[in-house]
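Architecture at a glance
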Amino acid sequence: MAEQTSNQAYETIAQVPCGDYSVSALAGVHGTIMFEAADGFIRMSIDDGKVTLAHTAGAADLVLRTRLPGELLRLVRGEANALTALLRGRVEAEGDLMLLMKVAGAIPEIALRAAASAQPGGE
Amino acid sequence: MADTISILDGSTFAVSDRRGDMEGGPGDDRGLFRDDTRFLSRWVLTIDGRRPNVLSIDDVHYFKAQLFMAVTSGTVYVDSNLSVMRRREIADGFVEVIELLNHEIEPIEVVVEVEAGADFADLFEVKDKLTKKGERYVRVEPDKLVLGYARETFVRETFITSSEPVELGEHGLRYRVRLPPQGRWSTELRVACVGGACTRPAPASTGRTGAPGARDLATDVQEFIDAAPKLACSWQPLQETYARSLIDLAALRFRSPLLPDHAMPAAGLPWFMAMFGRDSLITSFQALPFAPDLARTTLQVLAAMQARTDDAFRDAEPGKITHELRFGELTAFEERPHSPYYGSADATPLFLILLEEYERWTGDHALARVLEREARAAVRWIDEYGDRDQDGYVEYARRNVDTGLENQCWKDSWNSIAFADGTLAPLPRATCEIQGYVYDAKLRTARLARTVWNDAKWSDELEQSAEQLKQRFNRDFWIDQRGVFALALDGEKRKVDSLTSNIGHLLWSGIAEPDKAERCVRLLMGDKLYSGWGVRTMARGEGAYNPIGYHVGTVWPHDCSIIAWGLRRYGYRAEAARIARAMLEAAVFFRYRLPEAFAGYDREATRFPVEYPTACSPQAWASGAPLLLLRTLLGLEVEGERLTTDAAVPPPIDRVELLDIPGRWGLTDALGRSHGDLAA
């Protein structure tokens, strides 16, 4: 599973590669999610299928935060489901939870794109 | 008379016995629930160790109840000297006022105890009698009793506080009360649910004026009723059932923690106070002429939750409409797939049907334009994923074989799709009514494509596809030997030959050719399917038939309302009126609140409809059924920009007036008079 190997190339959320990715599953979706962890943060902007990951602060429609080490990284990598993490108390959310419902299922695809881009010759 | 009292607001509801006590356990639904978790399973009031006896109950309002009780002496010769009142209102939990009245001219001293406990069971654990995996704890704090549960980071707590000085212990609360001569004493107990999908603060004290937000609930339900058309008619069962249905639909509106700004119909109390795609869609369809906002919200929410990716655990594929969303522990730990779950094959065409019906009724082009992308995705799901083997029919088989639903049609119990000899049909199953929904959905979507989305080419393609489906269906599903449509095609493409109510849905969708429809009508109204109170889900004499089997012989009011509306579509006015009248007569025996289902015994044998033991009540599409039946009696349809009426009102209803019906015309009225030739 080359994708998993490349996924695990980054060990903290601060190392998740920034960039623009095309994710067809998010066509028609607009919004911004901020993932905040003790070891960093990442901002995911979605604009009709175009996803931008950036390590910059700014306004967000939804903030997901946690104190559990590695938890947000698992989310961003697509290894954990955002909604069930929320229900289990592993993550706290503030803002537009409807946006989370729209995006949660597509996070694994975003993660794969991001991981692939980190590889030589990637997206 | 029900042996429980239920109060609710959205996903928070409390079910007690008729004394107000809760003694819930595995398989027993009593307790206080929020977000699919039981935050209180034990709540028992005693006075000097005795439970007061109930004198009278006021549970007119869905969000509060009052119980008038007395501590009796055990003999009819000695009057009770102590009255007890319990007033309970739902809040984020509930608030309960306990009041004692001393009728003696001497002071009396009593010990008032409220035993409290919580098992924090997930509703699935209650239903399936499963055991917990985490740890329960109790904490006595200076100002409150805390009942808690933790499994890793999953924590839920119940806070219990009292307005009056109280002794708090691990098992509950104790008051030593001295009542002056002919005096009174009261305390206000607050039970707050803490933890969940989004953390909410415990309710702030409002003194003794009632539960937080209680006035808003009363205002909210009144506004819902005021906005609905006014019914005037000479027949009490219709008048009363209509009023009850509106109240119950108001009560069952559901605001989930994830979607707090959107109220849509939840499925039913107690097991299904959650978002269900199919139930919300059908209820919204039934209620469209009366409360069109339900449809608007349902469409918006389901569109937002439409699957965007392939996910076998959740039985999701792109374009599929949600089946069910839950928030309990089993969902949180992914021991159930309901986050959300997509295991229904009919919700997607039903979404398209409701979208078109909503636009046609209200003239709300804007919403139809906004949802064009979702509508196209839904059609793609039907053709690419729903039709798994590309044989031209939508069929289902769960991909989540551990915890997914085996039957993904409305008759979703394990034994509902069976051959006439009683053997179960192998999967995948293409049930007949789903093909009808697909046919109807494509024709309706074709109209939207032409008139709203300006895509004549796609409109033509959809119409052509629907017509081909109709021809194919009437050929492949018809069973010559029995003269009936098959219930389904099974995994080996064999015709599942049981006679069931599903054929009535084919009339609603219009897929049945007229000669075959005529045969369906005779079967639906024949004594094997028609019980006298309604159409049985499965005909008497079939191998799997059971008059108290959930989907194999009981009568479902929502099913009957759809069948009646289908009968009208094909011009069978008298038959539709007969079902409508019988259903409303049945409602009288349920205090005008039709339950989810009732037994399929012959009317001649029982003279009253026999209860189905675990039926939800109120239940959304059962509450919606009288509304669709009323539409059926009046023959309400949209033609262009106006509402048309073609009443077929049977005796003993003399006259029906429905005033201020909302729609694309603004508000208008409809009138129907009795036809003697429609007498049963």
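A quick note: this is a predicted structure, and the numbers were derived from the prediction, not measured. (Residues numbered from 1 in each chain as written. Chains lettered and ligands numbered in written order. Predicted model: local features only at pLDDT ≥ 70, side-chain atom pairs only at ≥ 80, totals over all residues.)

1. Brief notes about the overall build of chain A
A count of helical and extended segments in chain A gives five helices and six strands. Looking at the 123 residues of chain A, the share that counts as buried comes to 49%. Nonlocal contacts in chain A, meaning residues at least 24 apart in sequence, comprise 67% of its contacts between residues at least 6 apart. (Helix = DSSP H or I, 4+ residues; strand = E, 2+ residues; numbered from the N terminus. Buried ≥ 20, exposed ≤ 12 C-beta atoms within 10 Å, placed from the backbone. Contact = placed C-beta atoms within 7 Å.)

2. Let's talk about the overall build of chain B
A tally of regular secondary structure across chain B gives 17 helices and 31 strands. Residue burial in chain B is summarised as follows: out of 680 residues, 56% are buried. Sequence-distant contacts, at least 24 apart, represent 64% of the contacts inside chain B between residues at least 6 apart.

3. Digging into the interface of chain B and chain A
If you look at the interface, chain B gives 23 residues, while chain A gives 20 residues. Here the side of chain B that touches chain A is composed, by residue class, of 14 nonpolar, four polar and five charged. (Nonpolar A, V, L, I, M, F, W, Y, C, P; charged D, E, K, R; others polar.)

4. A few points about the sheet that holds strand E30 (residues 655-663) of chain B
Residue and element names in this part refer to chain B. Taken together, three strands build an open sheet; the order of strands is E18-E30-E31 and the sheet is antiparallel. With one partner strand each, in any of the chains shown, strand E18 (230-233) and strand E31 (666-673) form the two edges of the open sheet. For this sheet the average axis-to-axis angle between neighbouring strands, irrespective of direction, equals 15°. Relative to E30, E18 runs antiparallel, the two sharing four bridges. Residue Lys230 lies in a different strand from E30, and its bridge partner there is Leu659. (Pairing = 2+ DSSP bridges. Axes fitted to C-alpha atoms, helices over the stretch in contact; angles between N-to-C directions.)

5. A look at the sheet that holds strand E3 (residues 22-23) of chain B
All names here are of chain B. Taking strand neighbours across the sheet as the criterion, the five strands line up as E3-E6-E11-E16-E15 in an open arrangement whose pairing is antiparallel. Taken across any chain shown, the strands that pair with only one partner, and hence form the sheet edges, are E3 and strand E15 (167-169). As defined by bridge partners, strand E11 (residues 108-117) adjoins strand E16 (residues 172-179) across eight bridges and the pair is classed as antiparallel. By the bridge assignment, Glu113 is partnered in E16 with Arg174.

Function cannot be inferred from these measures alone, as they are strictly geometric.
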